[in-house]
Structures are given as structure tokens and as C-alpha cells.
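# Examining the three-dimensional arrangement
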Amino acid sequence: MTGEELGRIVVEPPGPRSRELMKRLRAVESSNITFSSDEFPVFFDRGAGANLIDVDGNTYVDLTAAFGVASTGHSNPAVVEAVASQAQSLLHGIGDVHPNEVKVALAEKLCALAPGDGAKRVILSSTGAEAVESAIKTAALATGKPGVLCFTGAYHGLTYGALEVTDRDFFRAPFQRQLGNFATRVPYAYCYRCPLELTYPSCETACLSYVEEAMDGPAGDSIGAVIVEPIQGRGGDVDAPDDWLLDLREICDRRKLLLIADEVYSGFGRTGRWFACEHSGVVPDLLCVGKGMASGFPISACIGRAEVMDAWPASAGEAIHTSTFLGHPTGCAAALASIAQIESLGLVERAATMGAQLEAMLKEAAEEVGPAIGHVRGRGLMWGVELVKDDEQPDGDSAARVVTHALRCGVVVLAGGPASNVLSLSPPLVITREQLEFGVDAIMDALA
Ligand SMILES: Cc1ncc(COP(=O)(O)O)c(C=O)c1O
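Notes on the structure follow. Every chain's residues receive numbers from 1 upward, in the order its sequence appears when written. Per-residue local features are limited, in this predicted model, to residues with pLDDT of at least 70; the limit for side-chain atom pairs, both in listing and counting, is 80 or more; totals at the level of whole chains, interfaces and linings are taken over all residues. Side-chain measures here rest on the full set of heavy atoms in the structure, leaving out hydrogens and waters.

### Describing the overall build of the protein
Each helix is a run of H or I in the DSSP string that is no shorter than four residues. Each strand is a run of E no shorter than two, and both are numbered from the N terminus. Secondary structure summary: the protein contains 14 helices and 17 strands in total. Here the globule rule reads 2.2 Å times residues to the power 0.38, and the radius of gyration is calculated from C-alpha atoms. Against the 2.2 N^0.38 benchmark of 22 Å for 448 residues, the protein shows a C-alpha radius of gyration of 21 Å, consistent with a compact globule. The principal-axis extent of the C-alpha atoms belonging to the protein is close to 60 × 60 × 45 Å. Buried residues are those whose accessible area, probed at 1.4 Å on protein chains only, stays under 20% of the maximum for their type, while exposed residues exceed 50% and partly exposed ones sit between those limits. Per-residue burial for the protein yields a buried fraction of 53% across its 448 residues. Working rule for contacts: check all heavy atoms of both residues, and any pair within 4.5 Å makes them a contact. Across the protein, every contact between residues at least 6 apart in sequence was considered, and the portion connecting residues at least 24 apart equals 73%. In the structure as shown, the protein presents an accessible area of about 19,300 Å², 53% of it carried by carbon and sulfur atoms. When charges are counted, Lys and Arg are positive and Asp and Glu negative, with His and the chain ends excluded. For the purpose of locating charges, the reference atoms are NZ of Lys, CZ of Arg, CG of Asp and CD of Glu. Taking the average place of the 35 positive charges on the side chains of the protein and the average place of its 58 negative ones, the gap between the two points comes to 4 Å. Surface accessibility in these figures is a Shrake-Rupley result with a 1.4 Å probe; residues are shielded only by whichever protein chains are displayed.

The structure is reproduced here in C-alpha cells:
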């Protein structure tokens, strides 16, 4: 399998083997995890490049990279080789007691890649949510203030610290009484549904007045940091204007707030820059990364300015913030190999070039489809296609139909956003033009 193939359906998905596996899974997995219906899900067996193959032999073009994870392609051979070789010599170490050399190399690399001059420091972890926990704890230590300003539509993960700054009642309501109550939430720069009903750029980023008001309000004195996704991923691929982020940085500087950029989704080339904040030239104080960093191995990091990160006390034998798999050698090797692939294959530039082609395809599709596509937005290879009803209300049913139809055409696409009405496109950065066309055609076909 080259990874550059188009979709090919040999049995209507989900085929018999997928159905059989789902039956078995339903009996043993918590019912909350895997959604299943007559049309969903398929079980994947293999992957390469931008292709996935299911257990019934169907080949798909993957427009998701599994939520942006498979950045250098599914089972990228260089990453697989690095994992195999590291696993053979030392699969797991004692990361925070007796470290390993690959951890040193990865920490050095992350400090060198993160935007901004000057010394930096890293806290490694396994998931995106943990990287956010590291950032929130760091901010509390560095500022002496527990409060964090966050945004509507934000998704920062579902562990309790991260959930506190994640928006959406769906995730929060069942656990509200166990949350820390340190978050203050204000509207994000969601220009398509502007909270002030203004139009960019003539609005002059007026929605930042919400941030100023929150800081002048009762919680203001306890707020030490702002956490923001430069492009909201799970929130529906909402891209804030560059000058909004720049102006937010200015507010943080003026009010002595730390700026945490959560680039768990948008980092490592996804948007046509190493990190999405580079589009505006904003340098965050703390940067959270994960997902595409290792192309599929669970590893994440919080990288920060040394002056901020040095708020952590020196370890006196027991670290106050760590985890069993921190600095996992196999994960570090995977991340180093993945970063090396991004560099050697020029995937950051490729994301920008292919992204421009995808933008043209999506905008042409929007013209043809008409008002059912309310908004097309994104950067690089991170795009959202917002589907709406005649009255411009979110059309989640239509998005669900597209997802199912596309699967039957051999294309994997997901619906995101609070109303699940945004087709979310974040393919592997190695995807070809033909594969993108194939994917967009399937979406168009579903919408026709
Ligand atoms: C921006 C952002 N932050 C954090 C997370 C949480 O990452 P994880 O699911 O690995 O905990 C996600 C996951 O989608 C994300 O998109």
C-alpha cells in the first residue's frame, strides 16, 4: 500500500467483520465510548500515508488524520522503525528518576522549535489534556493566581483541570460539582457567528472587550493566565483573526497575564507553520502540544519560557507533578522521528501549499452547493465546513448524513463543533491532491 491510493469500497461499510467486532465491543466496553448504529463504525486494520483499510478490505482516504494525529501519515515507516528500534533496546524506563537519552534529545528539540527566543523548559506527558494540566499548574505557580480566562467553544481535554477550561455543557454538566471553579469564560473570535454581530475587519476585534470586562470584573484579580487555541479544533475549526491573537497578547502584557497557547491540535505543521500562533507572530508564554507531535504515539508536552517554568521548585527526590509514563523513551523516539520526517519531507510547507489547493476546492464546492454551506474556514490542512439550515442555524443532521455517505464512498471525515454541524478536515500532511479531490467530491456528492 502506497498511502496515496483513492478510496475503494468492496463491501458496504460497516461490513460483516466490523459489525461482528462492534457486537463484541458493545458487550465489554463502557457504553459511553463508541457510538454505534446500523451505519457506524468501521474497524480499521491497517494504514499508510493518507489511507486507512478496514477489516472488511475497504480502502479509505482519511480526511481526519484521526483528529490530526497521523501528521506524517498513518504508520509512517520512519516513525515505526524508530519505535521498533527503541522498544527493542528500552521500551520503558523510569522517566522521572533515571531518565534516558532520547528524552534529553526530544526536550532539546522541543525547546528549539517552540516560538520565541531565550531559554525554554519542557514538561513531557502522554496526552493533550495532561499538557494543559501542566500549563495551568505552571501558571498558578508562576503568577500566584488560580484563575484562568478561557473561551467559548474551547476544547482543552476532559481531565478535571482541562475540563474546567473546556467549554460545552455536554462535557461539563455531569461533573460540574467536582470542577475547580477557577475558569472565567468569554466569547471567542467566532467571526461567522460574531457575538457582537459585527463584521471583521471593520469590527477592529471589538470582541476583545469581553476579555477587558472580565479582567475588570469581580474575578479579575484572581486571574493569572489566559488559555487559547489559535484555531479551535474540536470547537468547529474556528480560526480567530491574526490581529485578534496579537491584541490578546497585548492585553496579557498590559495586565501581566500569562498567555497559554493550546496547540495540541494546530501544532507541528498542521496549519502551514510549525505552530499556528506564528501566523500572527504571537509568542505564547506556555505552549501545549500533543497529537501530531509523534504521528500516533501518545506523547505530549508543555513548553514554556524558562522564567515562567522556573516557578516550579527543584525536585528534592519527589516531583510534585509527574506521571509514570513521562518521558517514555519509545514515545520520545517516535516524536523525534516524526519531527525529523516533518523537516525532511518539508511537511510544514506542504501543508501550506496543499492547504491553498484544498481551500480553492472547498470554496468552489461552497459556490456550487449554495447556502447549505454557511462558512468555509481554516489554515493549511485544518479546515471547517459549517453546514447550516435555511435560517443559518447549525445543521447537524446534514453533517451526519455527509459523514455516513462519505464513508460509503471510501472517505473518512468527521463532524465537529458544539452542534456537530462542521465537517472537520485535518488530513495527514502527506495527502496528495488527487486524494483531496476524491474526498471533496464525496462530500459534494453527499450534499448534492
Ligand atoms: C486543542 C486541544 N487541546 C487538548 C486536547 C486534549 O487532548 P487529549 O485528547 O490527547 O487529552 C485536544 C483534543 O482534541 C485538543 O484539540
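Let us keep going from here.
### A look at the site of the ligand
What makes a residue near a molecule or strand is one non-hydrogen atom of that residue sitting within 4 Å of it. The local shell around the ligand consists of Thr-127, Gly-128, Ala-129, Tyr-155, His-156, Gly-157, Glu-229, Arg-234, Asp-262, Val-264, Tyr-265 and Lys-291. Definition of a polar contact: a pair of N or O atoms within 3.5 Å, with one able to donate and the other able to accept a hydrogen when the atoms are protein atoms, and with sequence-neighbouring residues admitted only if both atoms are side-chain atoms. One nitrogen or oxygen atom from the main chain of Ala-129 is found 2.8 Å from an oxygen atom belonging to the ligand. Notes on the ligand: free accessible area 390 Å², of which the protein chains cover 84%. When residue character is reported, Ala, Val, Leu, Ile, Met, Phe, Trp, Tyr, Cys and Pro are called nonpolar, Asp, Glu, Lys and Arg charged, and the others, Gly included, polar. Grouping the constituent residues of the shell around the ligand by class yields 4 nonpolar, 4 polar and 4 charged.

### Regarding the pattern of salt bridges
By salt bridge we mean one thing: a side-chain nitrogen of Lys or Arg within 4 Å of a carboxyl oxygen of Asp or Glu. Taken as a whole and judged by the stated rule, the model has 19 salt bridges. Residue Glu-343 pairs with Lys-109 through a salt bridge whose shortest N-O separation is 2.9 Å. Placement of Glu-343 in helix α11 (residues 329-344) and of Lys-109 in helix α4 (residues 101-113) is noted, with a sequence separation of 234 residues between them. The class of Glu-343 is partly exposed, set by a relative accessible area of 39%. A relative accessible area of 26% means that Lys-109 is categorised as partly exposed.

### Some points on the nonpolar core
Counting residues in each nonpolar core, the largest one holds 86 residues, and the members touching the most others are Phe-151, Trp-244, Leu-248, Phe-268 and Met-293. Looking at this core element by element, the count peaks at 9 residues for helix α12 (residues 347-369). Mapping this core onto the domain boundaries places at least three of its residues in each of domain 1 (16-62 + 349-447) and domain 2 (78-344). The contacts of Leu-248, once residues within four sequence positions are left out, are Phe-151, Leu-208, Val-211, Val-226, Val-228 and Leu-259. Side-chain atoms within 4.5 Å are what join buried Ala, Val, Leu, Ile, Met, Phe, Trp, Tyr and Cys residues into a set we call a nonpolar core. Among the nonpolar cores identified, the runner-up in size contains 23 residues, and Val-132, Ile-136, Cys-150 and Leu-258 belong to it. Domain delimitation follows an automatic or database domain assignment.

### Observations regarding the sheet that holds strand β17 (residues 422-425)
Paired strands are those between which DSSP finds at least two bridges. If you walk across this open sheet you meet the 4 strands as β13-β14-β17-β16, and the pairing is antiparallel. The sheet is open, and its two borders are formed by β13 (373-379) and β16 (414-416), each paired with just one other strand. For this sheet, the mean angle separating the axes of adjacent strands, direction not counted, is 30°. Relative to β17, β16 runs antiparallel, the two sharing 3 bridges. Every axis in this analysis is a line fitted to C-alpha atoms, fitted for helices over the stretch in contact. Angles between the N-to-C directions lie between 0 and 180 degrees.

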